[in-house]
Every structure is written in structure tokens, then in C-alpha cells.
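Below, each chain spelled out in residue letters.
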Amino acid sequence: MSDSLVTIATYPNPVEAEIACEFLRSEGFAAEVANQAMQTAVLGAGNPLVRIELKVPPGEAAEALRCLQEQLAAVRLPEAQPEPDVVPIPESTRARAAALYRADWNERERLVERAYRCSALGPFVPFLSWYALLCSVNALTRPEPLRPSQRRRLVIATVVSALFSLIWMFIVLLLVLPNRR
């Protein structure tokens, strides 16, 4: 059945994907989580190379995405003063809830995610570390805003990809220079 489904959102870990999937199921949608087994099978839990996708039938995609966005809007508090008897939700919880839905990422956040994923393989594949560095630099020059989680990923991707780009450059030079003598 998963071949006839379309992806409406991606998640960084299986728990967040399952929460969103169960929410959609409770609303009457036929939702499934894809790539969950790949998350732990490839490199262990928290693998940045595998996207966990939330999928629904094509006819339900627009309505399911709208339902997820309404739920996200309900989680976010208005910027006005909270009522005195209401306990405000901490900023970290709001940021975590906002990061659950990747359908609303801008181009800069997509570049950061691509750089982060490529930098994870950069130590093993020379061109990926250079590509990750290129994506990081491109993301640094864009004016769109970044979520706090994406800022952390940008810093990690930039440092790791720059370090391994230099290491791979030295390895390539060591291989090329002895052959020129």
C-alpha cells in the first residue's frame, strides 16, 4: 500500500513521526510511517541520512497536511500576554513542536539539512564533504530565517565539512605530489 501513498511531511526520528501518524489516524486519515526501519538499520538511532516520511493516500494529502498545520498552530501560543491562570509553554517545547513539520521549511533550511546529511558521510567520501561545505556556505549567504535546531545543524555541518574538506585536500595532494617527481 505504501507505493500508492504520497509524502506530506518528514521527521528527524521515529517517535515524532509516529506521534503525527497517530494524530492523523485519530482524525480518520489512512496514514503510514515510511523508512522507520531504515532509521535504525543503517547507522543506528538518530541516523541523519534517512528521512522518516509520513505518508497518506493522494486524495487525502491536502486535507491531512491542513490538519497537521492546524494542530501545529494550536500548539503555538499567540504572542499576546498569556492569561494569568494559564501556565505558558516553554520556548524549547514550542521550538521542538515547530521543528516537527518540515513541509514549511524554506530553501535555506533545506540547504542546511542537505549540508548536515552530507557532512555525516564526508569523512568517508571526499566529494560529499566538499559538497556539504558548498551547501553550508550557500546557506550562510541566504537571508531566510533559521529555526534554532537548524542553526545548530548549520554550525555542525560547517565545522565538520570544513575539517574533512581540508583533510581530504591534504590526502589528495599527498597522492598527487609524489607522482610528479
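Note on numbering: residues in each chain are counted from 1, in written sequence order. pLDDT decides what is reported in this predicted model: residues at 70 or higher carry local features, side-chain atom pairs at 80 or more are listed and counted, and totals for whole chains, interfaces and linings draw on all residues regardless. Water and hydrogen atoms were dropped before computing side-chain values, which therefore reflect all heavy atoms in the structure.

Participant: Quick rundown of the sheet that holds strand 1 (residues 6–11)? Include the residues and the values.
Facilitator: For two strands to be treated as a pair, DSSP must find no fewer than two bridges joining them. The numbering of helices and of strands both runs from the N terminus, where a helix is a DSSP run of H or I of at least 4 residues and a strand a run of E of at least 2. One open sheet accounts for three strands, arranged 1-3-2; its pairing is antiparallel. Since the sheet does not close on itself, it has two edges, and those belong to strand 1 and strand 2 (32–34), each with one partner. The mean angle between the axes of side-by-side strands here comes to 35°, regardless of whether they run parallel or antiparallel. The sheet contact formed by strand 1 and strand 3 (residues 52–56) spans five bridges and is antiparallel. Bridging from a neighbouring strand, Tyr11 pairs with Ile52 of strand 3. Here, residues are in contact when the closest pair of their heavy atoms is within 4.5 Å. Axis definition: a line fitted to C-alpha atoms, over the contacting stretch in the case of helices. Angles run 0 to 180 degrees between N-to-C directions. Strand contacts of helix 1 (residues 14–26): strand 1, strand 2 and strand 3, with the helix running at about 10° to strand 3, the strand carrying the most contacts.

Participant: Tell me about a nonpolar patch on the surface, and name the residues and values.
Facilitator: The patches reported here contain residues having more than 30% relative accessible area and no salt bridge. Joining distances are 9 Å for like charges and 5 Å for nonpolar side chains (Val, Leu, Ile, Met, Phe, Trp, Tyr). Where accessible areas are quoted, they stem from the Shrake-Rupley method and a 1.4 Å probe; at the residue level, only the protein chains shown are allowed to cover. By salt bridge we mean one thing: a side-chain nitrogen of Lys or Arg within 4 Å of a carboxyl oxygen of Asp or Glu. Together, Leu163, Ile167, Ile171, Val172, Leu175 and Val176 give the surface a local cluster of nonpolar side chains, amounting to about 470 Å² of exposed area. With respect to the helices and strands, Leu163 occurs in helix 7 (residues 148–180).

Participant: Explain the packing of aromatic side chains to me, using residue names and the numbers behind them.
Facilitator: Within a pair of aromatic rings, the relevant descriptors are the distance that separates the centres and the angle that separates the planes. Two aromatic rings, drawn from Phe, Tyr or Trp (for Trp, its six-membered ring), form a pair once their centres lie within 6.5 Å of each other, and the interplanar angle then sorts them: stacked below 30 degrees, edge-to-face above 60, tilted otherwise. For the coordinates displayed, the defined rule picks out one aromatic pair. Ring geometry for Phe127 versus Trp130: centroids 5.2 Å apart, planes at 70°, classification edge-to-face. Placement of both Phe127 and Trp130 in helix 6 (residues 126–141) is noted, with a separation of three residues, approximately one turn of the helix. For Trp130, a relative accessible area of 25% gives the class partly exposed. Accessible area is worked out with a 1.4 Å probe on protein chains only. A residue is then buried under 20% of its type maximum, exposed over 50%, and partly exposed in between.

Participant: Let's hear about the side chain of Arg117: which residues, and what values?
Facilitator: Counting through the fold element by element, Arg117 comes out in helix 5 (residues 107–121). On the basis of relative accessible area, Arg117 is assigned to the buried category, the value being 10%. One polar contact links Arg117 to Glu113, side chain to side chain, over a distance of 2.9 Å. For the purposes of these results, a polar contact is taken to be a pair of N or O atoms within 3.5 Å, where, inside protein, one atom must be able to donate a hydrogen and its partner to accept one; residues adjacent in sequence count only when each atom of the pair is a side-chain atom.

Participant: Quick rundown of the nonpolar core? Include the residues and the values.
Facilitator: In this text, buried Ala, Val, Leu, Ile, Met, Phe, Trp, Tyr and Cys residues form a nonpolar core when linked through side-chain atoms within 4.5 Å. Within the largest apolar cluster, 17 residues are counted, with the highest numbers of intra-cluster contacts made by Ile8, Tyr11, Leu24, Leu54, Val56 and Leu68. Breaking this core down by element, the ones donating at least two residues are strand 1, helix 1, strand 3 and helix 3 (61–75).

Participant: Go over the state of the cysteines with me, naming the residues and quoting the values.
Facilitator: Defined by distance alone, a disulfide is two cysteine sulfur atoms within 2.5 Å. The final tally for this structure, using the stated rule, is zero disulfides. Note on Cys118: no disulfide assigned, nearest cysteine sulfur contributed by Cys135 at a separation of 6.0 Å.

Participant: Quick rundown of the pairing of strand 3? Include the residues and the values.
Facilitator: Summarising burial for strand 3: five of the five residues are buried, a large majority. What you see with strand 3 is no split at all: Ile52, Leu54 and Val56 on one side and Glu53 and Lys55 on the other are buried throughout. Relative to strand 3, strand 2 runs antiparallel, the two being bridged by three bridges. In the sheet register, Val33 faces strand 3, and the bridge partner there is Leu54.

Any functional reading would require information that these geometric values do not contain.
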